[in-house]
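# Examining the three-dimensional arrangement
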Amino acid sequence: MSDCIFCKIIKGEIPCHKVYEDDSVIAFLDIHPVSYGHTLVVPKSHYADFLNTPPEVIADLMAVVQKIAPAILEATKNEAFNIGINTGKLAGQVIFHTHIHIMPRSVNDGLTMWGENPKVVKDFAVLVKQIKDKII
Ligand code: 5GP
Ligand code: ZN
């Protein structure tokens, strides 16, 4: 897509700090890292978000996550990482070209995990039925 930043990076029109590339996937450091080694794994084809990405492309991305995460951990001297796929504006998605965040974690890195929200209704039985009925 012509006005997509990640497509421009893939075409080499915008520079990036590339850590990995193959025929269908590229990975580069996030320009605004949440942790040391924060890396984005991106398909070379443009898809707007996770739900609009073919499952086989997601599989390729995940295979690259598994391939490069150990190297990122070794390089940054970490043992743990989170992966993230923000899907939709309200979930924090800013770039509408599918990507997976790899975020290495270290002691006292200042990042906090999500906790339970006491305000969430726990009508689990009702909810399960509603969800199951809608799975296509
Ligand atoms: P999102 O919020 O869409 O899941 O994540 C988009 C990520 O892309 C953000 O973490 C942001 O820092 C990163 N980003 C945005 N523009 C650029 C860029 O031009 N280069 C690089 N390397 N990362 C970018
Ligand atoms: Zn794109």
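The structure we're discussing is the one just above.
For the structure given in this document, a descriptive report is provided here. (Residues numbered from 1 in each chain as written. Chains lettered and ligands numbered in written order. Predicted model: local features only at pLDDT ≥ 70, side-chain atom pairs only at ≥ 80, totals over all residues. Heavy atoms only, no water.)

### Some details on the site of ligand 1
Stated formally: One heavy atom within 4 Å of a molecule or strand makes the whole residue count as near it. Polar contact criterion, stated in full: a pair of N or O atoms within 3.5 Å, where within protein one must be able to donate a hydrogen and the other to accept it, and residues adjacent in sequence count only if both atoms are side-chain atoms. Shrake-Rupley sampling with a 1.4 Å probe provides the accessible areas, and residues are treated as covered by the protein chains on show and by no other component. Where helices and strands are cited, they refer to DSSP runs of H or I of at least four residues and of E of at least two residues respectively, numbered from the N terminus.
The local shell around ligand 1 holds 16 residues, among which Asp30, Gly92, Val94, His99 and His101 are the closest. One nitrogen or oxygen atom from the side chain of histidine 99 is found 2.8 Å from an oxygen atom belonging to ligand 1. Here ligand 1 has 510 Å² of accessible area as a free molecule, and 85% of this is covered by the chains. Residue assignment for the shell around ligand 1 shows that the elements contributing at least two residues are α1 (5-11) and β2 (25-29).

### A word on the side chain of histidine 38
Mapped onto the elements, histidine 38 comes out in the loop between β2 and β3 (39-43). A polar atom in the side chain of histidine 38 sits 3.0 Å from the backbone nitrogen of valine 34. For histidine 38, the side chain forms a polar contact with the side chain of histidine 101, separated by 2.8 Å.

### Details of the pattern of salt bridges
Oppositely charged side chains can pair when the atoms bearing their charge come close. Our working definition: By convention in these notes, a salt bridge is any Lys or Arg side-chain nitrogen within 4 Å of a carboxyl oxygen on Asp or Glu. Relative accessibility thresholds used throughout: buried, under 20% of the residue-type maximum; exposed, over 50%; partly exposed, between the two (1.4 Å probe, protein chains only).
Summed over the entire model, instances satisfying the criterion amount to 6 salt bridges. For lysine 44, the salt bridge goes to glutamate 21, with nearest N and O atoms at 2.8 Å. Of this pair, lysine 44 sits in the loop between β3 and α2 (55-76) while glutamate 21 sits in strand β1 (residues 18-21), and the two are 23 residues apart along the sequence. When its relative accessible area of 38% is taken as the criterion, glutamate 21 is described as partly exposed. What you see here is one network of salt bridges that share partners, running through Lys18, Glu21 and Lys44.

### Side note on the sheet that holds β3
We count it as follows: Each pair of strands is called paired provided DSSP finds at least two bridges between the two strands. Every axis corresponds to a line fitted to the C-alpha atoms, with the helix fit spanning only the stretch in contact, and the corresponding angles, defined between N-to-C directions, vary from 0 to 180 degrees.
Taking strand neighbours across the sheet as the criterion, the 5 strands line up as β1-β2-β3-β5-β4 in an open arrangement whose pairing is antiparallel. The sheet is open, and its two edges are formed by β1 and β4 (80-84), each paired on a single side. Neighbour-to-neighbour, the strand axes of this sheet turn through a mean angle of 20 degrees, independent of strand direction.

### Some remarks on the coordination of the zinc ion (ligand 2)
Put simply, the test is: The donor set comprises N, O and S atoms within 2.8 Å of the metal, extended to 3.2 Å for Na, K and Ca; water molecules are omitted, so apparent gaps in a site may simply reflect that omission. For a four-donor site, all angles between 85 and 135 degrees give tetrahedral; for four or six donors, opposite pairs above 155 degrees with the remaining angles between 65 and 115 give square planar or octahedral; all remaining cases count as irregular.
Around the zinc ion (ligand 2), the protein contributes the donor atoms Cys4 (SG), Cys7 (SG), His46 (ND1) and His97 (ND1), at 2.1 to 2.3 Å from the metal centre. The coordination sphere of the zinc ion (ligand 2) comprises 4 donor atoms, whose angles at the metal cover 103 to 118 degrees; the geometry is tetrahedral. Between consecutive donors of the zinc ion (ligand 2), the numbers of intervening residues give the motif C-x2-C-x38-H-x50-H. Taken together, the residues cysteine 4 in the segment before α1 and histidine 97 in the loop between β4 and β5 (100-105) connect sequence positions 93 residues apart. Side by side, cysteine 4 and histidine 97 carry an identical accessibility label, which is buried.

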